[in-house]
Structures are given as C-alpha cells and as structure tokens.
Amino acid sequence: MSLIIAQNIKETANTNGELRAGGTDLQERRRSRISAGPIIDIRRLQGLDQIEWQADGSAVIGAMVTIDAVANDPKIQAAYPGLAKAAGGLATPQIRLMGTMGGALLQHTRCPFYRHPAYNCHKNGGDECFARDGHNPNGVVFDLGPCVYPHPATLGMALLAYEAEVDIDGVGRRSIDELYGDGSDPTRDHTLEPGQILTHIHLLPPIPQEKAAYFRSISRAEAEWPIVECLVRLVISDDQITFARIGVGGVANIPLRLENVEQALMSQSPGRETVEKAAQLAAAGTNPLPQTVDKVRFLVNTVWHTLEVLSPKS
Ligand SMILES: Cc1cc2nc3c(=O)[nH]c(=O)nc-3n(C[C@H](O)[C@H](O)[C@H](O)COP(=O)(O)OP(=O)(O)OC[C@H]3O[C@@H](n4cnc5c(N)ncnc54)[C@H](O)[C@@H]3O)c2cc1C
C-alpha cells in the first residue's frame, strides 16, 4: 500500500519530528523532555486499523490496531494463542486500549538513564552507557553491544517467536530480526529511519494443534515491565514435541529466540525431565553484568515455568 502523506511525514520527521500513534510512550518522553520536536500524528492514516485474514488462514495486522484488540480478538486467540496472551499480559488495560501494535514494537527503551534529561547516553546524543557501570539490576544478561538495558517490546519478543514479518512503507517486508538488528548499535531501539512508517504485521498461517504459554516474572501483577518474560509455542503429537519456538524478553537489548532450547525439545517426550533439562540451556551464552548475575537464574526459571505450563507433570 502507499500512504499519500508519507513524503510529507518523512520531511517533518527529518526536522527532528516524531510519529505519534497511541502516544503512550511518546507522551511520557515529551514529559521528561527526551522528545521535543514536532509531533506527526499518524492516527488519521487510513487502513491501518484492521486485522485482515488471508485465504491460507494467516492474519495481517495493521500497525494502528490496538494491543487490546489483538488480545481480545477470538480469531487471534484461536490462531495465535501466544500472541494474544502476550498482548493481554502487558502494561495495563488503559495502555492496551490506547497503545497500538506499531507503537508497541517501536517504543523506546525504558532505561532510566535514557529517560532522564540530565544524562546524555548513546540513544540521546551522547557516547556513554550510564547503565553499564551504574545501577543496573534490571540490565541485560546477554551483553550484545554498548547499550545494556533490555529491549522493552513484549510483542517484539512474541512476534519473533511467531516468525512474523513487518511492512515498512517505501521499504518493503522485513523480518522481526531485521526490524531490531543485532543489538550492536547502541543509538537505536529498532532499524527504522526517521519518518519510515511500519504499516502491517504479517503472520504465518496458524499451526493446528499449537499450544502456547506466556509467562512474565514480575514483582507485581501489572503496570510494570517484567524482569524476564517468555513465550513458548509447542506442538505435541503422539507424546513427542514436533515443533518448538521460544521467545524471551528482558534479557538483551533486542528480543531473543532461544533456538538451542527449541532444539533440545524437538522429538522429546514433553515430560518434566525434558523440560527441566532444556530450560537449563537458556543460560548458555549469557554474559551478565556484575549486577545481573542473579537474573540468569530468573531466565532459566522463567523458561522452565513457561514450558511446564504446557507439559504433563510426569
Ligand atoms: C505502566 C506501563 C507498563 C508497560 N508495560 C509494558 C510491557 O510489559 N511490555 C511492553 O511491551 N510494553 C509495555 N508498556 C509500553 C506500552 O506497551 C507502549 O507505551 C505502547 O505499546 C506504545 O504504543 P503507542 O501506540 O502508544 O506508541 P507511541 O507512543 O505513539 O509511539 C511509540 C514510538 O513508536 C513510533 N511509532 C508508533 N507507531 C509507528 C508506526 N506505525 N511506524 C513507525 N513508527 C511508529 C513513534 O514514533 C514512537 O517513537 C508499558 C507502559 C506503561 C505505561
């Protein structure tokens, strides 16, 4: 699709403007003076607020569809149960009603140093990560680049586990991996250039018999980003795991998939022993910061618990 006012938007964005969808992330950064340029409201763009279903049963979700609509759509719940659960588990009912799918994917880091007007970190013009040597118990356990605060997007993690793709107006289709990059560039939360608009999210056709669980380790029921979160998708057939996808959030400056844990589950009987053994592998490759060493156990236990929800306790 082509957006008639895209060129206009690009020009305004290049003059330090920022797009506003639901505004729930942007307005908070305006309040703390991290974002101060012109606002380009994209709520008027036509055709981005629908969930469309293709002949093969797959869904295309417009970027302006609200998080609440995805969480509560019965067809999404049936076809993509993990996505619906993750959408329904994040933030608060009010944020889910206002926040959009595009904004959820492209929100900026919640790092308190980035969001404090007195600190000039990599993401707001400086050349330092204050979280790296400062107070960082919420930091990453996979240290992938100069910025050590976890990526905030629950739905980025969920859509990674669903191997979804996104359309970027004027650019084309990109995988979720490409949307976030490899975490080595500390100046970015995602790879979109100023003024580029994410228009749609494309899901693969649903897998019949898929079971999914989402769990967030969090110190209160809602209104907080999790310490670690995990989405597991499994297909179990004749007492064997025939398909596994695992996404984790809160542990790296990009959403991650744990392919080593997925592989360890394949062709195994989904019992307690399998799950326990596979979950331990979540710690492989971690290189925590001095203050996040304990978070590695949170990661393992979060993956373990999410897997256990789907496995017979034998
Ligand atoms: C208390 C609280 C708890 C929260 N907990 C969680 C949580 O656990 N997990 C989680 O993921 N989130 C959490 N959130 C964040 C919330 O999900 C985001 O604020 C919301 O999803 C942002 O959506 P929005 O439409 O309001 O985005 P906006 O604020 O409008 O935009 C966010 C950013 O995305 C850009 N943008 C938006 N749409 C597009 C588009 N289509 N194309 C290009 N750029 C675009 C904007 O320019 C802006 O930079 C929480 C928020 C609060 C207040």
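Note that the structure is predicted; figures quoted are calculated from it, not measured.

Focus on the overall build of the protein
Next, step 1: A count of helical and extended segments in the protein gives 13 helices and 11 strands.
Next, step 2: Expected size for 314 residues packed as a compact globule is a radius of gyration near 20 Å; at 19 Å, the protein falls within 12% of this value.
Next, step 3: With respect to the principal axes defined by its C-alpha atoms, the protein has extents near 60 × 50 × 30 Å.
Next, step 4: Counting only residues that meet the buried cut, the protein has 43% of its 314 residues in that class.
Next, step 5: Across the protein, the fraction of contacts at a sequence separation of at least 24, relative to all contacts at a separation of at least 6, is 64%.

Brief notes about the site of the ligand
Next, step 1: For the ligand, the set of nearby residues contains 34 residues, the closest of which are Gly-22, Gly-99, Gly-102, Gly-103 and Ala-104.
Next, step 2: Of all the secondary-structure elements, those providing two or more residues to the shell around the ligand are strand S1 (18-20), helix H6 (93-98), helix H7 (101-106) and helix H9 (154-161).
Next, step 3: Ranked by residue count, the leading element in the shell around the ligand is H7, at 4 residues.
Next, step 4: A class-by-class count of the residues in the shell around the ligand yields 20 nonpolar, 10 polar and 4 charged.
Next, step 5: In terms of domain composition, the shell around the ligand takes at least three residues from each of domain 1 (6-40 + 48-202) and domain 2 (211-310).

Some thoughts on the environment of Leu-204
Next, step 1: Inspection of the secondary structure assignment puts Leu-204 in the loop between strand S7 (198-202) and strand S8 (211-217).
Next, step 2: Each C-alpha atom, one on Leu-204 and one on Ala-84, is 15 Å from the other, the two residues being 120 residues apart in sequence.

Side note on the pairing of strand S4 (residues 59-62)
Next, step 1: Bridge count between strand S3 (residues 51-53) and S4: 3 bridges; the pairing is antiparallel. For Ile-51, the partnering residue across the bridge sits in S4 and is Ile-61.

A few points about the sheet that holds S3
Next, step 1: The strand order across the open sheet built from 5 strands is S3-S4-S7-S5-S6, with neighbouring strands paired in antiparallel fashion. Each end of this open sheet is capped by a strand with a single partner; those strands are S3 and strand S6 (172-175). Ignoring strand direction, the axes of neighbouring strands in this sheet form an average angle of 25 degrees.
Next, step 2: Bridging between strand S5 (residues 165-168) and S6 involves 4 bridges; their strand directions are antiparallel. Bridge pairing in S6 links Ile-168 to Gly-172.

Observations concerning the nonpolar core
Next, step 1: With 85 residues, the main nonpolar core has Val-70, Met-101, Val-248 and Val-303 as its most contacted residues.
Next, step 2: Built from parts of two domains, this core gets at least three residues from each of domain 1 (6-40 + 48-202) and domain 2 (211-310).

What about the domain arrangement of the protein?
Next, step 1: By the assigned domains, the protein splits into domain 1 (6-40 + 48-202) and domain 2 (211-310).
Next, step 2: Residue-level contacts link 33 residues of domain 1 with 32 residues of domain 2.
Next, step 3: Of all the elements in the fold, those that place two or more residues in the side of domain 1 that touches domain 2 are helix H5 (81-89) and H9.
Next, step 4: Tallying contributions element by element places H9 first for the side of domain 1 that touches domain 2, with 6 residues.
Next, step 5: Within the side of domain 1 that touches domain 2, the residues separate by chemical class into 19 nonpolar, 11 polar and 3 charged.

Looking at H5
In an α-helix, one full turn covers 3.6 residues, which means residues spaced three or four apart are oriented alike.
Next, step 1: Buried within H5 are the following residues: Gly-82, Leu-83, Ala-84, Ala-86, Ala-87 and Gly-89.
Next, step 2: At its buried positions, H5 is contacted by helix H3 (67-72), helix H4 (74-79), H9, S8 and strand S9 (228-237).
Next, step 3: Note on H5: the residue one or two positions beyond its end, Ala-91, has a positive phi of about 55 degrees.

Regarding the sheet that holds strand S10 (residues 240-249)
Next, step 1: What the 4 strands build is an open sheet, ordered S8-S9-S10-S11; its pairing is antiparallel. The two strands at the open ends of the sheet, each matched to only one other strand, are S8 and strand S11 (256-257).
Next, step 2: Pairing of S8 with S9 involves 7 bridges; the strand directions are antiparallel. By the bridge assignment, Ser-217 is partnered in S9 with Val-228.
Next, step 3: Its contacts with the sheet place H9 against S9, S10 and S11, and it is angled at close to 155 degrees to S10.
Next, step 4: The strands that helix H13 (residues 293-310) touches are S8, S9 and S10; relative to S9, the one it contacts most, it runs at about 35 degrees.

Rules used in this analysis
- Residue indices begin from 1 for each chain and proceed along its sequence in written order.
- The model is predicted, so local features are restricted to residues of pLDDT at least 70 and side-chain atom pairs to those at 80 or more, both for listing and for counting; the totals for chains, interfaces and linings are taken over all residues.
- Comment: elements are numbered from the N terminus, with helices defined as DSSP H or I runs of at least four residues and strands as E runs of at least two.
- For the radius of gyration, the atom set is restricted to C-alpha positions; the globular benchmark scales as 2.2 Å times the number of residues to the power 0.38.
- Residues are called buried when their C-beta atom has 20 or more other C-beta atoms within 10 Å, exposed when it has 12 or fewer, and partly exposed otherwise; all C-beta atoms are positioned from the backbone.
- It is the C-beta atoms, placed from the backbone, that decide contacts: two residues are in contact if theirs lie within 7 Å.
- Any residue whose C-beta atom, as placed from the backbone, lies within 6 Å of a molecule or strand is termed near it.
- Residues are sorted three ways: Asp, Glu, Lys and Arg are charged, Ala, Val, Leu, Ile, Met, Phe, Trp, Tyr, Cys and Pro are nonpolar, and all the rest, Gly among them, are polar.
- Each domain span listed reflects an automatic or database assignment of domains.
- Paired strands, in this sense, are two strands between which DSSP finds at least two bridges.
- Here an angle of 0 to 180 degrees is reported between the N-to-C directions of two axes, which are lines fitted to C-alpha atoms, with helices fitted over the stretch in contact.
- We define a nonpolar core as a collection of buried residues of the types Ala, Val, Leu, Ile, Met, Phe, Trp, Tyr and Cys that are connected via C-beta atoms lying within 7 Å of each other.

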